[in-house]
Amino acid sequence: MADTSARTLRLLSLLQTHRYWPGTELAARLKVSPRTLRRDIDRLRDLGYPVDARPGIEGGYQLAAGAAMPPLVLDDDEAVAITVCLQAGSEGAGDGLAEPSVRALGKLGTVLPARLRRRVDALRAMTVSAGWHAVPLSDVDPSVLTDLALTCRREERLTFTYTAADGRTSSREVEPHRLVSLGRRWYLVAYDLTRHDWRSFRVDRLTDSHATGIHFRPRELPAPDAATFVRNGIGGARTGYRVVAEIEASPEHVRSRVGRWCTITPLPGNRTRVEQTVDSLDWPTYLLGRVEAEFTIIEPPELIAVVSDWGSRFVRATDSDRAGTA
């Protein structure tokens, strides 16, 4: 019965998109036969949800237009994805989304099942933002994130296989401390019991993770917080690009726009110097545009080429619009 109920909720979640679902695709998503799918559709109709059906070989199902929406139904991955996005919004001071995001996070926690609520709460509590705050988009399984967050919260040793930047793999046993979101990536900060030192691990390079059941007493992190530890490690490795620019605007104005992502230094004449280390030049290009002020790129020279390319494409797009409305 539990499997049937869970499958019905999953079916309802899919139909809530209001898109038309071919019967074969819907059955494949739910891993059931067409006959079982028809029974599940009938069960939803018995519960009062109007589901339109199209018969025949190309037949399928769709929630009727204008139907009253049922309570919010989320699967585990969807709940984690919403939590990550809302967490990013809640840290967006000055963007107008911080307060609504915090309220939404609170409401989300009240409607999730207890099992899922524990995982989502652990992810929120054990994640630290290191700035450059795009929502992390690297290829990370949401269940892996919540598993790591739970081991951090439970202070439980963890084993996994790690692939380094040069492709070499190694087995690690660690004492997990915190998850850190930096730019578009996730990192696990942990004490490496093999190397006998603190390390940060990119989560998208981490596989076959298992909690050992062995608990530990937390060690003192050699940094003010996990975010600082990751940022210092990336800067110390000198990978990617060091970006330096001077902006024709006050430090207060620049800080309100991009202060979370850059190191800001006041300059004479009410100007501002910004610095950051990144692995992609698209992100600082976006940030410099977001300041809405004149700027000069000091380094790297590659950034000048990227900004020039973006500018040329925007100009061409503007010219095309004008031609289309002429």
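Everything numeric in this text was worked out from a predicted model, so none of it was measured.

(A) Quick peek at the pairing of strand β3 (residues 60–63). One ladder, built from two bridges, connects strand β1 (residues 21–22) with β3; its direction is antiparallel. Bridge pairing in β3 links W21 to Y61. Taken together, the four bridges between strand β2 (residues 51–54) and β3 define a ladder with antiparallel strand orientation. Residue pairing in the sheet places D52 in a bridge with Q62 of β3.

(B) Structural view of the side chain of T127. For T127, the location among the structural elements is in strand β4 (residues 127–129). Only 2.6 Å separates the side chain of T127 from the backbone oxygen of L123, close enough to count as a polar contact. Dropping the residues within four chain positions of it, T127 is found in contact with L179, S181 and W186.

(C) Local environment of the sheet that holds β1. With antiparallel pairing, the three strands of this open sheet are ordered in space as β1-β3-β2. Two strands close off the open sheet at either side, each with one partner strand: β1 and β2. Each of β2 and β3 touches helix α3 (residues 34–46); the most contacted strand, β2, lies at about 145 degrees to it.

(D) Inspection of the environment of L150 at higher detail. Of note, L150 is situated in helix α7 (residues 142–154). With residues near it in sequence (within four places) discarded, L150 still touches R118, R119 and A122.

(E) Structural context of the side chain of E156. Note that E156 resides in strand β5 (residues 156–163). A distance of 3.0 Å separates polar atoms of two side chains, one belonging to E156 and the other to R154. Those residues within four positions of E156 in sequence are excluded, and the remaining contacts are T151, P176, A211, T212, G213, I214, H215 and F216.

(F) The arrangement of the packing of helix α9 (residues 251–258) against helix α10 (residues 282–291) in detail. Where α9 meets α10, the closest approach of the two axes is 9 Å, and the angle between their N-to-C directions is 130 degrees. Classified by the angle between their axes, α9 and α10 sit oblique to one another. α9 and α10 meet at a crossing whose hand is right-handed. Residue-level inspection shows H253, V254, R257 and V258 of α9 in contact with α10, the latter providing L287, R290 and V291. Considered class by class, the residues forming the contact of α9 with α10 number four nonpolar, one polar and two charged.

(G) Summary view of the sheet that holds strand β11 (residues 263–267). Spatially, four strands are ordered β11-β12-β10-β13 in an open sheet, and the strand pairing comes out antiparallel. Edge strands, defined here as strands with exactly one partner in the open sheet, are β11 and β13 (295–299). Averaged over all pairs of adjacent strands, the angle between strand axes in this sheet comes to 20 degrees, irrespective of strand direction. Pairing analysis gives four bridges linking strand β10 (residues 241–247) to β13, with the strands arranged antiparallel.

(H) Representation of helix α2 (residues 23–30) within the structure. Considered for burial, the residues of α2 that qualify are G23, L26, A27 and L30. Burial along α2 is one-sided: seen end-on, the buried residues are contained in an arc of 100 degrees. Set apart from the buried face of α2 by more than 90 degrees, the exposed residues are T24 and A28. Looking one or two places after α2, you find K31, whose phi comes out positive at around 60 degrees.

(I) Structural context of the nonpolar core. Membership of the largest hydrophobic core comes to 22 residues, with the highest contact counts inside it found for L123, L145, F160, L179, W186, L188 and V203. Elements with a minimum of two residues in this core: α4 (76–90), α6 (114–126), α7, β5, β6 (169–182) and β7 (185–192). Per-element accounting of this core gives the leading share, five residues, to α7. The residues touching L188, leaving out its near neighbours within four places in the chain, are L148, C152, L158, F160, P176, R178, L179, R199, S200, F201, V203 and L206. Grouped together as the second largest cluster of nonpolar side chains are 19 residues, V243, V278, L288 and V291 included.

Scoring rules and cut-offs
Residues numbered from 1 in each chain as written. Predicted model: local features only at pLDDT ≥ 70, side-chain atom pairs only at ≥ 80, totals over all residues. Heavy atoms only, no water. Pairing = 2+ DSSP bridges. Helix = DSSP H or I, 4+ residues; strand = E, 2+ residues; numbered from the N terminus. Polar contact = N/O pair within 3.5 Å; in protein donor to acceptor, adjacent residues only side chain to side chain. Contact = heavy atoms within 4.5 Å. Axes fitted to C-alpha atoms, helices over the stretch in contact; angles between N-to-C directions. Parallel < 35°, antiparallel > 145°, perpendicular 65-115°, else oblique. Left-handed = near helix turned anticlockwise from the far one by under 90°. Nonpolar A, V, L, I, M, F, W, Y, C, P; charged D, E, K, R; others polar. Buried < 20%, exposed > 50% of the residue type's maximum accessible area, 1.4 Å probe, protein only. Arc of directions from axis to C-beta. Core = buried A, V, L, I, M, F, W, Y, C linked by side-chain atoms within 4.5 Å.

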